[in-house]
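# Chain and residue survey
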Amino acid sequence: MTDTGSDHPTPPPGCPAHQGAVPLAGLEYQQAPSQLYRSLRREHGAVAPVLLDGDVPAWLVLGYTEVSYVTSHDELFARDSRRWNQWPAIPQDWPLLPFVGYQPSVLFTEGEEHRRRAGVITQALEGVDQFELARDCQVIADRLIADFAGSGRTELMSTYAHALPMRAAVQMCGMPHQGTDTQQLVEDLRISLDAAEGDDPVAAYVRVGERIQRLVKEKRDRPGPDVTSRMILDPAGLTDEEIVQDLISVIAAAQQPTANWIGNTLRLLLTDERFALNVSGGRLSVGEALNEVLWLDTPTQNFIGRWAVRDTQLGGRQIRAGDCVVLGLAAANTDPQIWPEAHVGAENSAHLSFSNGEHRCPYPAPLLADVIARTAVETLLERLPDLVLAVEPEELTWRPSIWMRGLTTLPALFTPVVQ
Ligand code: HEM
């Protein structure tokens, strides 16, 4: 790679930056990404050259077959971001660094080491009793609803959709979902995953690490029936540092996607008349709405990513060793190749919303996420049966992120509940 003396090394011939690459940002992604994916697919095929923040080149995989291929061939497309050939071009304050910068967690491990770490997480999550989790989520939901039920209005994303899965995840890991200590952890997790103006995400992340370290120490001394204790006691013998890293990954991985799954499902139920007729009575409708969201408005719409292990071909493109490959999960779910009659939205769960292959969202996390999201949505509709949007559907806005598809706010009205 030739250094031009500027901040960005010149990409060599064949690099995505040289082929009419499309900036992977902009308003269309926030409001109607599906149209943009369609036009990208028309123009570039199943694998499009794109530019990440700061015009850093990468490939966006839009085809269902191609995403499935990438995710099931770790020997060609691996997870350790240190493989990236663009590191010399990445500034210290690059906005995607928190997601792409290497960390010694399960997310960036490969091969045998990944199987060891992911195996411990899978075993620990398998120990979660789904009925108990549903009961816990209902208690959390009732407490959250009680905080705003008397007022007749609320903003559901902050008071409910984000708050509930965070508390559920913390509780699964062995902390009570109430108490000052937990409140502080929940608040610090929120700041580090989703900082608002004036927040200090770095300081919050340091506090999260310290609190999780204490939790691991407490559970080593006094194990209980929780995910943390099961990870500690697993015969694989993870070190405390590994457990802290992987617990943070589990909580972070659980929180944002599940929160946006809840928010996007509530939006669908409150704005689409196919569901409006029977939301309050129809349990089946909630299940259908949850599934439809995974096909059409999936929370993790793009996932970064994989890094090519060696020069290879994908969707007719020449991919170089070390190239970054972004998984276009939302685009893959609506690929016309799998929906030839332009009808998208099946009752099955063959979507790629939980990804695929060795690094997919680990079984049984999707089932637990379903319990959390379903309980959240059903409890809210049962407690506040006349819940309606407080704004016109067109006034709802999406977060300015090409990675997570979620609403900025979801204002709602209902008859105040006298407690
Ligand atoms: C209880 C809730 C959840 C937990 C505990 C959880 C846990 C995890 C963990 C530990 C990973 C890392 C796997 C690895 O690198 O080996 C992961 C990956 C992932 N999860 Fe989840 N998750 C949850 C909910 C969700 C939801 C609701 C979605 C989206 C609908 C989702 C989508 C994903 C995706 C797309 C990946 C990336 C897989 C890849 O690299 O190919 N997860 N999850």
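Residues numbered from 1 in each chain as written. Predicted model: local features only at pLDDT ≥ 70, side-chain atom pairs only at ≥ 80, totals over all residues. Heavy atoms only, no water.

## Comments concerning the confidence of the model for the protein chain
Basically, it comes down to this: For every residue, the predictor assigns a confidence score, pLDDT, that lies between 0 and 100. Only heavy atoms matter for contacts: two residues are in contact if any of them lie within 4.5 Å across the pair.
Summing up the model confidence of the protein chain, the mean pLDDT is 89 and the portion of residues at 70 or higher is 91%. Within the model, pLDDT remains below 50 along residues 1-10, and this stretch shows 14 contacts once partners closer than five positions in the same chain are excluded.

## Some words on helix H2 (residues 33-44)
Just so we agree on the cut-off: Only DSSP runs of H or I with at least four residues qualify as helices, and only runs of E with at least two residues qualify as strands; both kinds are numbered from the N terminus onward. Each residue after the first adds 1.5 Å to the expected span of a helix. Exposed residues in this analysis have more than 50% of their type's maximum accessible area, buried residues have under 20%, and partly exposed residues fall in between, with area computed by a 1.4 Å probe over protein chains only. To be clear, the arc concerns the directions from the helix axis to the C-beta atoms.
Compared with the 16 Å implied by 1.5 Å per residue over twelve residues, the 16 Å span of H2 between its first and last C-alpha is a close match. Buried residues of H2: Pro33, Leu36, Tyr37, Leu40, Arg41 and His44, and no others. Seen end-on, H2 carries its buried residues on one side only, within an arc spanning 135 degrees. Residues of H2 that are exposed and point over 90 degrees away from its buried face: Gln35, Arg42 and Glu43. Phi turns positive, to about 85 degrees, at Gly45, one or two residues after H2.

## What about unusual backbone geometry?
A cis amide bond, omega -5 degrees, links Ile304 with the succeeding residue Gly305. Considering the arrangement of structural elements, one finds Gly305 in strand S6 (residues 303-308). Tyr363 connects to Pro364 through a cis peptide bond whose omega is 5 degrees. The residue Pro364 is located in the loop between helix H15 (329-333) and helix H16 (365-383) in this model. Positive phi, normally seen in glycine, also occurs at Asp55, with a value near 60 degrees. Its relative accessible area of 52% is what places Asp55 among the exposed residues. Unusually for a residue other than glycine, Ser355 sits at a positive phi of about 65 degrees.

## Re the coordination of the iron atom of the ligand
Applied cut-off: Because no water is among the atoms considered, metal sites can look incomplete, with donors defined as N, O and S atoms within 2.8 Å of the metal, or 3.2 Å for Na, K and Ca.
Among protein atoms, the single one acting as a donor to the iron atom of the ligand is Cys361 (SG), 2.3 Å away. Here Cys361 is to be found in the loop between H15 and H16.

## Overview of the sheet that holds strand S5 (residues 153-155)
Selection rule: Strand pairing follows a simple DSSP-based rule, namely that at least 2 bridges must link the two strands.
Taken in spatial order, the three strands make up an open sheet running S5-S11-S10, and their pairing is antiparallel. The open sheet has two free edges, formed respectively by S5 and strand S10 (388-389), since each of these has just one partner strand. Sheet topology places S10 next to strand S11 (residues 411-413); two bridges connect them, and they run antiparallel. Counted as the bridge partner of Leu389 is Ala412 from S11.

## Considerations on the sheet that holds S6
As a reminder, the rule being used: Only the stretch in contact is used when a helix axis is fitted, and all axes are lines through C-alpha atoms; the angle between N-to-C directions ranges over 0 to 180 degrees.
An order of S1-S2-S3-S9-S6-S4 is seen for the six strands of this open sheet, with the pairing classed as mixed. Looking at the sheet topology across the chains shown, the edges are occupied by strand S1 (22-23) and strand S4 (77-78). Direction of pairing for S4 relative to S6: antiparallel, over a ladder of two bridges. Note that in S6 the partner of Phe77 across the bridge is Ala308. Across the sheet, H2 is in contact with S1, strand S2 (47-52) and strand S3 (56-61); its angle to S2 comes to roughly 120 degrees.

## Some remarks on the state of the cysteines
In plain terms, the rule: By convention in this document, the label disulfide applies to cysteine sulfur atom pairs within 2.5 Å.
Considering all chains together, one arrives at zero disulfides under this definition. Lacking any disulfide linkage, Cys173 is separated from the closest cysteine sulfur, that of Cys137, by 13 Å.

## What to know about the pattern of salt bridges
The test is simple: Salt-bridge detection follows one rule: a side-chain nitrogen of Lys or Arg within 4 Å of a carboxyl oxygen of Asp or Glu.
Scanning the model with the defined rule gives 27 salt bridges in all. A salt bridge links Lys219 to Asp226, with the nearest nitrogen and oxygen atoms 3.0 Å apart. Pair check on accessibility: Lys219 and Asp226 agree, each one buried. Linked by salt bridges that have partners in common, Glu113, Arg116, Arg117, Glu242 and Asp246 make up one network.

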